[in-house]
Amino acid sequence: MQNHFLTTLRSLKLIDGCKGTQVYAANSAVSNSNASSSSSSDKPLLRPTFSLRNKSIQGCNGGGGGGLHHCPSYLLLDSLLPFGLPSADRIDPPVDPFLRPVDPVSALSDSFRRLSSASDANSGTGAERLLLLCDLYLEQHSLLRPLADPKLLRRTLRSARLHAPDTHHRVVLSAWLRFERREDQLFPSSFPAPLSACTTTSPSLECPRAALLSTSNDLLCPCRRPPPEPSPSPSSSSPSFRRHEPEEGADADVWFCIGDDEVPCVRSNIAALSQPLSTLLCGGFAEAQRERISFTHNGISARGMKAVDIFSRTGRLDEFPPDTVLELLAFANKFCCEGLKSACDLKLAYLVRSLDDALLLVEYGLEEMAYLLVAACLQVFLRMLPKSLGDPEITRLLCTQEGRERLDAAGHASFVLYHLLSQVAMEEDMKSNTTVMLLERLAESAAPGWQKQLALHQLGCVMLERGEYKDAQRWFQAAASAGHVYSQVGVARAKFKKGHKYSAYKLASGLIDEHGHVGWMHQERSLYCIGKEKMADLRMATRLDPTLAYPYKFRAIALMEDDKVGAAIAEISKIIGFKVSTDCLELRAWFLLALEDYEGALQDLRALMTLNPDYMMFHGKLHGDQMIDILQQHVKLWDMADCWMQLYDRWSAVDDIGSLAVVHQMLAKEPMNSSLRFRQSLLLLRLNCQKAAMHSLRLARNHSTHEHERLIYEGWILYDTGHRDEALAKSEESLSLQRSFEAFFLKAYALADSSLDPTSSSYVIQLLEQANSCASDNLRKGQAHNNMGSIYVDCDMLDEAAECYLKALGIKHTRAHQGLARVYYLKNQKKAAYDEMTKLIEKAKNNASAYEKRSEYCDRDMAKSDLNMATRLDPLRTYPYRYRAAVLMDDHKEQDAIAELSGAIAFKPDLQLLHLRAAFYDSIGDSESTSRDCEAALCLDPTHSDTLDLYKKALGTADPQST
């Protein structure tokens, strides 16, 4: 009788396993002594003969503590789980390293009110007001971090940049916006010199010249303004400057003696450079009466003094070499020559063209406190993040306390600087000493309030990851004392790690007693209890916040330990269905192996490695790619033709994870295929994995062999980061080089992203028709037909829309069923619409949206059933909550309707949910709650007209003191 792989898995039920967000197993390996050496694909991977509950397991390296990254594959073939199964003890959720208010709606409402108040033109001076607004937008950025919406985060960063009060803040925030687009991953990376002109298609707010030179925060950067009219005379800060330089010494009336040299100058010109020089040369000092003045010991050479004379005559530094300008800068500082110092500062800033220049000149800038020069050097360092943090000279300046003091003296140490640097460092390596030092600088720069809370909390998170639990507890307690309630979770976790489990439990229980039921509070308390109480907390956590992954993972592992493999897979698949993550995919892969479903396990592992190509399994012992290599020996391999067929099938089945796995396999064969990288990015966007999607899109751009392709991918990068006009320019530039499907499609897509009038709609349709006339595969052409159908529907051209959708369906674009159903509905064929959506539900693997849309074409009871199914499949979809709430309002159950919306808002503060709840509050006369929800909604979209109207109405009826 064949021994099943499940038997082996049951024998590997271990206590120790993984830790962190990955699913890890214990540091012990499966013995090969009883396993068959057969690698045939039609046999189980393990053929055990030992006891089902045997826990004594040896690894291929002779013990459980060693690494297995380089373990020979032939040994792994017979022991596919060398470290056993994951243990529920070691999958603790991380403490989130950002601000997490207990009541996010109230926090956003308060942020909106303070922003509105600060926006008042009468609130403080111009600079003070800009600084306050910039800080408030950064605070809002931190409050929005838990929502994980890149568009919202970019918008708040852009707003902060628009209100930057000075050059320093402009430099930092421009670099931050650039980092968010990760231009460092583009090859060759487009790194402009600090004062070089930006390209016409790059985002204006990231322009390096605008950051350093602009005196305002206009959207139009200096590079795009029309050239100024020629000035009749050279600009100057001194009235004594002359248009032409006279012959040297012709009108000199004073000579500066430096060593054996005498430098002739005009006394009045030199005196006009500063008040100290005026007093020296024209005041009560003896030098005022002398024609020859000894300057040997004043730190300037004869050549430098000649340059001072020329500047005093012309007001220009055009011809001077860098060493002379540095000498002039020192002279200007010594004698308080502000005009000369500014000119030197600007001249030297223009000389910063590379990292080497910045490293050389920043020391001079700091020594002489040259604000603009230091800003130019700092801009180079920041625009080369994260690579620049690996340079010891740069880290010595940016990370150390001495470096911070030097930057502060030059006007370039701020909370926003260390906020950016610490965020980059945490993304690169949360446990590094660089990260710790930057967070310490962040805490030193933080003002009381949200800044101090964030800095202290993040220090606690880093110390917790480093295993320094005493320090972690101290920092978390400091953050909690500063007002950040969520930091109490960190205190409890640190106590638990130190062995004080009951103390941690009491602290978590105290949070619930004091602040009410919140999903993350029940999740945290579940870590410190067992049995029925633990399961009750986990159920409550999922009910309050279904997006928390830990409860699903724990329940799945518990089911696996009870030998209920199918139920374990079903449990972990619930969250994968609407929130894809590497740790959940890894967990499901092991469960599929238990059922000997090697193809299913391989599919999940390929998707996992797409999300994180560096993912290490088994507590960092085995690279995911090696596991894929092993599994490939036990499944049927496909050539590229097979892969394309499989991709069509999965794309048609709306199986995004399956499609992602096929593309991963195709890229293993053709790693430089930019078209496949682009398709990979589209699939990742569908799965809401935006960071991974942008990485794939950048790789598509880097691997492009033709200029017109590169421009298309650059256009999509710009579009996906909120720069629609720049994306349009890229598409047009690409079309000027070569007509292609993707260029036409990008242009049509960008143009359609606005309210289209009939003329514009007709133009977009023409573009899509031109796209379909170009060479492409049916996957993309189906999308074009589908988009064309949508525009026809908007133009009320239903027959043309139906034709487009039928064409899309003819080439297996399954999503077109939804558009065709809409056409039937608009033609008053409700039954046909319902049947069309039923076809989509039957074909699509990911069909939560299909259930949601079908609910529009049936009676109330059937609609309720479909929407309940949509919520079970994807609790992040907001329409079902809004529909159910509206039904309850129609039945005059106002409080139940508000409760329905509140349940969703608790874990997803969404614009439409907040607006609807505000309207419900308004209908029952609760103007204070109406105002609060409107304010929170306007934080998410300040231009939402319906919410603005409702807010104005609420303000008109609310108690003035409450607003």
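Small disclaimer: the values here were computed from a predicted structure and weren't measured.

S.K.: What is the right way to look at the overall build of the protein chain in this model?
M.R.: Helix and strand content of the protein chain: 48 helices and five strands. Across the 963 residues in the protein chain, those meeting the buried criterion constitute 54%. At a minimum sequence separation of 6, the contacts of the protein chain that also span at least 24 residues come to 62%. Summed over its atoms, the accessible surface of the protein chain is roughly 40700 Å², and 50% of this surface lies on carbon and sulfur atoms.

S.K.: Quick question: what am I supposed to make of the sheet that holds strand β1 (residues 254-258) here?
M.R.: Within a sheet, adjacent strands bond to each other through the backbone by hydrogen bonds, running parallel or antiparallel. What the three strands build is an open sheet, ordered β2-β1-β3; its pairing is mixed. The sheet is open, and its two borders are formed by β2 (261-265) and β3 (292-294), each paired with just one other strand. Within this sheet the neighbouring strands show an average axis-to-axis angle of 30°, counted without direction. Of the pairings in the sheet, the one linking β1 to β2 comprises five bridges and is antiparallel in character. For W255, the partnering residue across the bridge sits in β2 and is P264.

S.K.: Where do I start with the pairing of β1 in this structure?
M.R.: On a regular strand, one side chain projects to one face of the sheet and the next to the other, so that they alternate. Taken across its five residues, β1 has four buried, putting it largely inside the fold. Linking two consecutive strands that pair antiparallel, namely β1 and β2, is a turn of two residues; a positive phi of about 65° is found at G259 within it. Strand direction decides the pairing type here: β1 and β3, joined by three bridges, are parallel. Bridge assignment links W255 to a residue of β3, and that residue is R292.

S.K.: Honestly, the UniProt feature "coiled-coil region" (unreviewed entry) in the protein chain in this entry has me stumped. Any pointers?
M.R.: In the numbering used here, UniProt assigns the "coiled-coil region" (unreviewed entry) feature to residues 827-854. Secondary structure across residues 827-854 comprises 75% helix and 0% strand; the distance between its end C-alpha atoms is 16 Å.

S.K.: Even after reading the chapter, I still don't get helix α18 (residues 433-445), so can you show me in this structure?
M.R.: Here α18 spans 18 Å end to end across 13 residues, near enough to the 18 Å set by a 1.5 Å rise per residue. Lining the buried residues of α18 we find α15 (392-399), α16 (401-409), α17 (415-428) and α19 (450-466).

S.K.: Any chance you could explain the pattern of salt bridges here in plain terms?
M.R.: Any two side chains of opposite charge can pair, on the condition that their charged atoms come close. Per the stated rule, a full pass over the model turns up 47 salt bridges. Between R525 and D537 there is a salt bridge, and its shortest N-O distance comes to 2.9 Å. Linking R525 in helix α23 (residues 519-526) with D537 in helix α24 (residues 531-544), this pair joins segments that are twelve residues apart in sequence. Taking the relative accessible area as the measure of exposure, R525 reaches 16% and is therefore buried. Using a relative accessible area of 3% as the deciding quantity, one classes D537 as buried. R884 is the partner of E900 in a salt bridge, and the nearest nitrogen-oxygen pair spans 2.9 Å.

S.K.: For this particular structure, what's the right way to read the nonpolar core?
M.R.: As a rule of thumb, soluble globular proteins bury nonpolar side chains together. Ranked by size, the top nonpolar core spans 120 residues in total, and within it F295, M305, F331 and L382 carry the most contacts. It is helix α14 (residues 371-383) that provides the largest number of residues to this core, a total of ten residues. Apart from the residues lying within four places of it in its own chain, the contact partners of L382 are V171, V172, A175, L417, L420 and L421.

S.K.: Please explain the packing of aromatic side chains as it appears in this structure.
M.R.: Inspection of every chain in the model, using the stated rule, returns 19 aromatic pairs. For the ring pair F415 and W450, a centre distance of 5.3 Å and an interplane angle of 80° mean the geometry is edge-to-face. Placement of F415 in helix α17 and of W450 in helix α19 is noted, with a sequence separation of 35 residues between them. For the pair F415 and W450, a shared accessibility class is recorded, and that class is buried. Between Y486 and W520, the aromatic rings sit 4.9 Å apart at their centres with planes inclined by 90°, giving edge-to-face as the arrangement. You can see Y486 sitting in the loop between α20 (469-481) and α21 (487-497) and its partner W520 sitting in helix α23, a full 34 residues away along the chain. Assessed through its relative accessible area of 8%, W520 is described here as buried. Ring pairs connect the aromatic residues F678, Y713, W716, Y719, F741, F745 and Y749, which therefore count as one cluster.

S.K.: Sorry if this is basic, but what is going on with unusual backbone geometry here?
M.R.: Of all residues except glycine, most have a negative phi; of all peptide bonds, most are trans. In this chain, L385 is followed by P386 through a cis amide linkage whose omega measures 0°. Within the secondary structure, P386 sits in the loop between α14 and α15. We note that V654 has phi near 50°; this positive angle belongs to a residue other than glycine. As for its position among the elements, V654 is in the loop between α30 (640-652) and α31 (656-669). Its identity as a non-glycine residue notwithstanding, H892 has a phi of 60°, on the positive side.

S.K.: Please explain the packing of helix α12 (residues 338-350) against α14 as it appears in this structure.
M.R.: When two helices pack together, their arrangement is given by the angle between their axes and by how far apart the axes lie. For the pair α12 and α14, interaxial distance at closest approach is 7 Å and the crossing angle is 15°. By the criterion of interaxial angle, the relationship of α12 to α14 is roughly parallel. Handedness of the α12/α14 crossing: right-handed. Residues D345, L346, L348 and A349 of α12 lie in contact with α14, whose contacting residues are Y371, L372, L373 and A376. Across the contact of α12 with α14, the residue classes break down as seven nonpolar, no polar and one charged.

S.K.: In this structure, what is going on with the packing of helix α27 (residues 582-594) against helix α28 (residues 598-611)? I would like to understand it.
M.R.: As a packed pair, α27 and α28 sit with axes 8 Å apart at the nearest point and diverge in direction by 165°. The orientation of α27 with respect to α28, classified from their angle, is roughly antiparallel. Note on packing geometry: the crossing formed by α27 with α28 is left-handed. Residue-level contacts link T582, L585, E586, R588, A589, L592 and L593 of α27 to Y598, G600, A601, D604, L605, A607, L608 and L611 of α28. Tallied by class, the residues present in the contact of α27 with α28 amount to ten nonpolar, two polar and three charged.

S.K.: Even after reading the chapter, I still don't get the environment of F331, so can you show me in this structure?
M.R.: Relative to the helices and strands, F331 is located in helix α11 (residues 322-334). Taking the C-alpha atoms as reference points, F331 and G304, 27 residues apart in sequence, are found 8.7 Å from one another. For F331, the contacting residues outside a window of four places in its chain are L277, F295, I300, M305, V308, C337 and L340.

S.K.: Is there a simple way to think about a negative patch on the surface in this case?
M.R.: Taken together, the side chains of E180, E427, E428 and D429 make up a negatively charged region of the molecular surface. With respect to the helices and strands, the residue E180 is situated in helix α6 (residues 167-180).

S.K.: Can you walk me through the confidence of the model for the protein chain in this structure?
M.R.: Atom-level detail of predicted coordinates should not be read off regions where pLDDT is low. Model confidence for the protein chain is summarised by a mean pLDDT of 86, while 84% of its residues fall at 70 or above. The low-confidence segment residues 230-246 (pLDDT under 50) makes 25 contacts with residues lying over four places distant or belonging to another chain.

S.K.: Mind showing me how you'd approach the environment of W475 here?
M.R.: When you line up the elements, W475 lands in helix α20. Note on W475: relative accessible area 17%, which makes it buried. Measuring from C-alpha to C-alpha, the distance between W475 and M463 comes to 8.5 Å, with twelve residues separating the pair along the chain.

Conventions used here
Residues numbered from 1 in each chain as written. Predicted model: local features only at pLDDT ≥ 70, side-chain atom pairs only at ≥ 80, totals over all residues. Heavy atoms only, no water. Helix = DSSP H or I, 4+ residues; strand = E, 2+ residues; numbered from the N terminus. Buried < 20%, exposed > 50% of the residue type's maximum accessible area, 1.4 Å probe, protein only. Contact = heavy atoms within 4.5 Å. Areas by Shrake-Rupley, 256 points an atom, 1.4 Å probe, with all protein chains shown as cover. Pairing = 2+ DSSP bridges. Axes fitted to C-alpha atoms, helices over the stretch in contact; angles between N-to-C directions. UniProt positions renumbered as here; feature names shortened; annotations may be inferred. Expected span 1.5 Å × (residues − 1). Salt bridge = Lys/Arg side-chain N within 4 Å of Asp/Glu carboxyl O. Core = buried A, V, L, I, M, F, W, Y, C linked by side-chain atoms within 4.5 Å. Phe/Tyr/Trp six-rings, centres within 6.5 Å; stacked < 30°, edge-to-face > 60°. Parallel < 35°, antiparallel > 145°, perpendicular 65-115°, else oblique. Left-handed = near helix turned anticlockwise from the far one by under 90°. Nonpolar A, V, L, I, M, F, W, Y, C, P; charged D, E, K, R; others polar. Patch = residues over 30% accessible without salt bridge, like charges linked within 9 Å, V, L, I, M, F, W, Y side chains within 5 Å. Lys, Arg positive; Asp, Glu negative; His and termini not counted. Charge placed at Lys NZ, Arg CZ, Asp CG, Glu CD. pLDDT = per-residue confidence, 0-100.

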